[in-house]
Amino acid sequence: MSEIVLETENLGISFGGLKAAQHVNIQIKKNQLYGLIGPNGAGKTTIFNLLTGVYQPTEGTFRLCGEELTGLSQAQINKKGIARTFQNIRLFNNMSVMKNVMVGLANRPEFKCNFLQSIFRTKRFYDVEAAMRKKAIELLEVFGLAEERAQLASNLPYGKQRKLEIARALATDPKLLLLDEPAAGMNPQETEELMNTIRFVRDNFDMTILLIEHDMKLVAGICEEITVLNFGQQLAHGNVKEVLNDPEVIKAYLGDEEADS
């Protein structure tokens, strides 16, 4: 039996009297590429915010590799092994490409220095810095960004900024990677490259991936299972082909091309 990486049980949140998400039950197996789709306002990004500690659930629970993470902070959840990207790219624009990745690496225990080691620039400090730079370059090479490592992140083309954001998320050494509309704003060629990148990440980083996406070609091309949300509730879930051919799904969601809030 495949290991369950993410499991939500009746997960939901209400803001006052508004139920933004309710009774969401998802199971994602190890190494799966899983999609979360639905129209504007369906609650997709709300679920991501619950899974990463931005919001605290008002109902239900969620577990990562069997460990309940409900109620933990964003930093605690990231350390447990969930990393994400955002619909609107969030890089440190005034930092170099290399330093953006090193920020992610700094959360890992093997790259920690204590206060005195940092203040007095001990051998441990320089050894850790060298190891971080080496690891950062390795990650950047995977995404074809090593040559741009000294550039400011803001100077990268849009498609490469997306790749850098994924590289920084992977630098935290997650068990589950959440991608929030990774193809947003991309042209067809960039989208095709992104699909190849996502497959590469899954296969070569032993990664489990949950993605929100409006581009149905991308969803159908890489996802193995999907869940469709309707006003915060599940409309359908299961095999991609079957779900995308469900008349109710086609009628209610696949014609809506607005971006999710």
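All residue numbers refer to positions counted from 1 along the written sequence of the respective chain. Given that the model is predicted, a residue must reach a pLDDT of at least 70 before its local features are reported, and side-chain atom pairs must reach 80 or more before they are shown or counted; all residues, however, enter totals for whole chains, interfaces and linings. Remark: hydrogens and water are excluded; side-chain values derive from all non-hydrogen atoms of the structure.

A.B. asks: So what exactly am I meant to see when it comes to the overall build of the chain here?
C.D. replies: Along the backbone of the chain there are 10 helices and 11 strands. Relative to the 2.2 N^0.38 estimate, which gives 18 Å for 261 residues, the radius of gyration of the chain is 19 Å and therefore close to what a compact globule would have. Based on the C-alpha atoms only, the size of the chain along its principal axes is roughly 60 × 40 × 40 Å. Here's how the labels work: a residue is buried when its accessible area is under 20% of the maximum for its type, exposed when over 50%, partly exposed in between, all with a 1.4 Å probe on protein chains only. A buried classification covers 48% of the 261 residues belonging to the chain. By definition, residues are in contact when any of their heavy atoms lie within 4.5 Å. Of the contacts made within the chain by residues no fewer than 6 positions apart, 67% connect residues no fewer than 24 positions apart. For the chain, the computed accessible surface area is about 12600 Å², with 50% contributed by carbon and sulfur atoms. In the chain, 29 positive and 33 negative side-chain charges are present, and the distance between their average locations comes to 8 Å. Secondary structure elements are taken from DSSP: a helix is a run of H or I of four residues or more, a strand is a run of E of two residues or more, and numbering for both begins at the N terminus. Atoms counted for the radius of gyration: C-alpha only. Globule rule: 2.2 Å times residue count to the power 0.38. Surface accessibility follows the Shrake-Rupley procedure with a 1.4 Å probe radius. Residue values consider only the protein chains on display as shielding. In this tally Asp and Glu are treated as negative and Lys and Arg as positive; neither His nor the chain ends contributes. Charged side chains are reduced to one point each, which is NZ for Lys, CZ for Arg, CG for Asp and CD for Glu.

A.B. asks: It is not clear to me how the pairing of strand 2 (residues 18-24) should be interpreted in this structure. Could you clarify?
C.D. replies: Taken residue by residue, a regular strand's side chains alternate between the two faces of the sheet. Between any two strands, pairing holds if DSSP finds at least two bridges. In this sheet, strand 2 lies alongside strand 1 (residues 4-15) in antiparallel orientation, the contact comprising four bridges. Directly across from Leu11, in strand 2, lies its bridge partner Val24. From the end of strand 1 to the start of strand 2, which pair antiparallel, there are two residues, and Gly16 there has a positive phi angle of about 65°.

A.B. asks: Help me out: how do you make sense of the confidence of the model for the chain in this one?
C.D. replies: A low pLDDT means the predicted coordinates there should not be read in detail. The quantity known as pLDDT measures the predictor's confidence residue by residue, on a range of 0 to 100. Taken residue by residue, the chain gives an average pLDDT of 91. The fraction at 70 or more is 96%. Low confidence marks residues 256-261, where pLDDT is under 50. Its contacts with residues over four positions away, or in another chain, come to 21 contacts.

A.B. asks: Mind showing me how you'd approach the packing of helix 3 (residues 97-105) against helix 6 (residues 158-171) here?
C.D. replies: When two helices pack together, you describe them by how their axes are tilted relative to each other and by the distance separating the axes. Only the stretch in contact is used when a helix axis is fitted, and all axes are lines through C-alpha atoms; the angle between N-to-C directions ranges over 0 to 180 degrees. In the contact formed by helix 3 and helix 6, the axes pass within 7 Å of each other and the chain directions differ by 30°. Considering the angle they form, helix 3 stands roughly parallel to helix 6. Where helix 3 crosses over helix 6, the handedness of that crossing is right-handed. Every residue of helix 6 that contacts helix 3 at Val97, Asn100, Val101, Gly104 and Leu105 is listed here: Leu164, Ala167, Arg168 and Ala171. Put simply, Ala, Val, Leu, Ile, Met, Phe, Trp, Tyr, Cys and Pro go in the nonpolar bin, Asp, Glu, Lys and Arg in the charged bin, and everything else, Gly too, in the polar bin. Of the residues assigned to the contact of helix 3 with helix 6, the class counts are six nonpolar, two polar and one charged. Orientation is classified from the angle alone, with under 35 degrees giving roughly parallel, over 145 giving roughly antiparallel, 65 to 115 giving roughly perpendicular, and any other angle giving oblique. By convention the crossing between two helices is left-handed if the near helix lies anticlockwise of the far one by an angle smaller than a right angle, and right-handed if it lies clockwise.

A.B. asks: Where do I start with the pattern of salt bridges in this structure?
C.D. replies: Two side chains that carry opposite charge are able to pair once their charged atoms sit near each other. The salt bridge criterion pairs a side-chain nitrogen of Lys or Arg with a carboxyl oxygen of Asp or Glu, the two atoms within 4 Å. Tallying each qualifying case throughout the model produces 13 salt bridges. Notably, a salt bridge pairs Lys80 with Glu67, separated by 2.8 Å at the nearest N-O pair. In this pair, Lys80 is assigned in helix 2 (residues 74-80) and Glu67 in strand 6 (residues 67-68), connecting sequence segments 13 residues apart. Salt bridges linked by common partners bring Glu7, Glu9 and Arg63 together as one network.

A.B. asks: Looking at this structure, I do not really get the environment of Leu145. What am I missing?
C.D. replies: The residue Leu145 is located in the loop between helix 5 (123-142) and helix 6 in this model. Once the C-alpha coordinates of Leu145 and Lys160 are considered, the two residues, 15 residues apart in sequence, prove to be 7.6 Å apart.

A.B. asks: Please clarify how the pairing of strand 5 (residues 59-64) should be interpreted in this entry.
C.D. replies: Sheet topology places strand 1 next to strand 5; five bridges connect them, and they run antiparallel. Bridge pairing links Gly12 to Glu59 in strand 5. Here two bridges tie strand 5 to strand 6, and the two strands are oriented antiparallel to one another. When the bridges of strand 6 are listed, Arg63 appears paired with Glu68. Linking strand 5 to strand 6, which pair antiparallel, is a turn of two residues; within it Cys65 sits at a positive phi near 50°.

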